[in-house]
Amino acid sequence: MSFVEYGDVIREGDTAIVFLGHDSMFPVKVQRGGQTQTRYGVLRHSADLIGKRYGSKVTCSKGGWVYVLHPTPELWTLNLPHRTQILYATDIATITMMLELKPGSVVCESGTGSGSLSHAILRTIAPTGHLYTVEFHQQRAEKAVEEFKEHKVGHLVTVLNQDVCREGFGVTGVADAVFLDIPSPWEAIGHAKAAIKKQGGRVCSFSPCIEQVQRTCQALAEHGFGEVSTLEVLLRLYDVRSVTLPLPDFGEEAGGPGDGAPSAQNATVTCKTAVAPKEMAGHTGYLTFATKSLV
Ligand SMILES: C[S@@+](CC[C@H](N)C(=O)[O-])C[C@H]1O[C@@H](n2cnc3c(N)ncnc32)[C@H](O)[C@@H]1O
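- The protein carries the name tRNA (adenine(58)-N(1))-methyltransferase catalytic subunit TRMT61A in an unreviewed UniProt entry, which gives Atractosteus spatula as its organism.
- Quoted verbatim from the Subunit (unreviewed entry) field of the UniProt record, the comment on the protein reads "Heterotetramer; composed of two copies of TRMT6 and two copies of TRMT61A."
- Taken from UniProt, the Subcellular location (unreviewed entry) comment for the protein reads in full: "Nucleus".

**As for the pairing of strand β15 (residues 286-292)**
Now for step 1: Burial of β15 is extensive: six of the seven residues sit out of reach of the surface.
Now for step 2: Of the strand pairs in this sheet, strand β11 (residues 201-207) and β15 are connected by seven bridges, and their pairing is antiparallel. What sits directly across from Ser205, in β15, is Thr288.
Now for step 3: As paired strands, strand β12 (residues 226-231) and β15 are joined by four bridges and run antiparallel to one another.

**Some words on the site of the ligand**
Now for step 1: Neighbouring the ligand are 24 residues; Glu135, Arg140, Asp163, Val164 and Asp181 lie closest to it.
Now for step 2: Here a nitrogen atom of the ligand and a backbone polar atom of Val164 are 3.0 Å apart.
Now for step 3: Contact between the ligand and Asp181: a nitrogen atom at 2.9 Å from a side-chain N or O atom of the residue.
Now for step 4: Protein chains bury 90% of the 610 Å² of accessible surface belonging to the ligand in isolation.

**Things to note about the sheet that holds strand β5 (residues 57-59)**
Remark on secondary structure: sheet strands pair via backbone hydrogen bonds, oriented parallel or antiparallel.
Now for step 1: Spatial ordering of the open sheet is given by β2-β1-β6-β5, a layout of four strands whose pairing is antiparallel. In this open sheet, the two strands that pair with only one neighbour each are β2 (24-29) and β5. Averaged over neighbouring strand pairs, the angle between their axes works out to 35 degrees when direction is ignored.
Now for step 2: Two strands pair when backbone bridges link them, and strand β1 (residues 15-21) and strand β6 (residues 65-69) are joined in this way by three bridges, in the antiparallel orientation. Looking across to β6, one finds that Phe19 is bridged to Tyr67.

**Describing the pairing of β11**
Now for step 1: In terms of burial, β11 is largely enclosed, as seven of its seven residues are buried.
Now for step 2: Along β11, one buried face is formed by Gly201, Val203, Ser205 and Ser207 and the opposite face, lined by Arg202, Cys204 and Phe206, is buried too.
Now for step 3: The pairing of strand β10 (residues 177-180) with β11 spans four bridges and is parallel. Within β11, the position partnered with Leu180 by the bridge is Ser205.
Now for step 4: Viewed along the sheet, the connection from β10 through helix α7 (residues 189-195) into β11 turns out right-handed.

**Examining the layout of surface pockets**
Leftover empty space is mapped by rolling, across the atoms, a probe with the size of a water molecule.
Now for step 1: Volume-wise, the largest pocket comes out at about 660 Å³.
Now for step 2: Taken together, 32 residues make up the lining of the largest pocket; nearest its centre are Gln85, Gly111, Asp181, Ile182 and Pro183.
Now for step 3: Classifying every residue of the lining of the largest pocket gives 13 nonpolar, 13 polar and six charged.
Now for step 4: As a volume, the second largest pocket reaches approximately 530 Å³.
Now for step 5: Lining the second largest pocket are 20 residues; nearest its centre among them are Tyr88, Thr90, Leu235, Leu237 and Ala281.
Now for step 6: Elements with a minimum of two residues in the lining of the second largest pocket: α2 (73-79) and α3 (89-98).
Now for step 7: Residue classes in the lining of the second largest pocket are distributed as 11 nonpolar, five polar and four charged.

Reading guide: rules and limits
Residues numbered from 1 in each chain as written. Predicted model: local features only at pLDDT ≥ 70, side-chain atom pairs only at ≥ 80, totals over all residues. Heavy atoms only, no water. UniProt positions renumbered as here; feature names shortened; annotations may be inferred. Buried < 20%, exposed > 50% of the residue type's maximum accessible area, 1.4 Å probe, protein only. Helix = DSSP H or I, 4+ residues; strand = E, 2+ residues; numbered from the N terminus. Pairing = 2+ DSSP bridges. Near = heavy atom within 4 Å. Polar contact = N/O pair within 3.5 Å; in protein donor to acceptor, adjacent residues only side chain to side chain. Areas by Shrake-Rupley, 256 points an atom, 1.4 Å probe, with all protein chains shown as cover. Axes fitted to C-alpha atoms, helices over the stretch in contact; angles between N-to-C directions. Right-handed = clockwise from strand over helix to strand, strands pointing away. 1 Å grid on protein atoms, 1.4 Å probe; cavity = no way out; pocket = protein on both sides within 12 Å on 5 of 7 lines; lining within 4 Å. Points joined across faces, edges and corners; volume = space filled by probe spheres on them. Nonpolar A, V, L, I, M, F, W, Y, C, P; charged D, E, K, R; others polar.

Here it is as structure tokens:
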């Protein structure tokens, strides 16, 4: 298993996702002799996980069962240990598309944070691309290095422990795209420009506040970036439900009263429908995109 390559069988050292339901899953580091408690009883790694195929339904000691899933960046985002606020799949999907990321892309990112976005970038740019990610908080940078190694993507990423606003990304003229998720992105726009290839490339900055966006757009214009656009993506998830509705009563049927047909008065119809949520996830942040052109 690796986060950029599918493996059929669960092996020692893998990170597997134990799935109890859509709102209940967690990652486990598979270790010979290891045990994991679930509400359905204990999972014994040697007997219950190692050698089984990903996707298997595994019975726990109390007789209940779980699915064991292959890790993906999307599942990791939902299950990773939070060291910071993180980006979720809706924003990540938009960032990936708008930055035109693909296998072979070279990307600069700051800050690394909890590595939620980093894992998605790595999956997209593998097997030949590279991610340069900058994090000025030492423990977070060290933890990210450890996780990337554990997830077998260490060869695709360089983690730099420095201040991106003062010292930049540690590379010049190599990036196809730059992504910023820091409190003062406008201070890093000059370094973003320097990191991007001479032929040009894309930049994206994620900010929760509009005042941050204003300053970033100003800095982008001052550094000669074009095609500046800011957007926000809101996700609306629908629930599928069975609903029972009363049938309208259009008066007596042609047969007239007493013809044996059921009265429309109490008639109902049951059907499946998609119901919009009463509440939905609100604002995460604004995404500002821009292009550095050849001229
Ligand atoms: C919100 S988190 C990033 C989360 C990340 N995008 C993810 O999806 O997990 C912001 C990170 O940027 C780091 N940071 C803030 N300012 C920085 C700077 N000037 N240079 C480098 N890292 C910085 C913080 O330490 C923090 O870990």
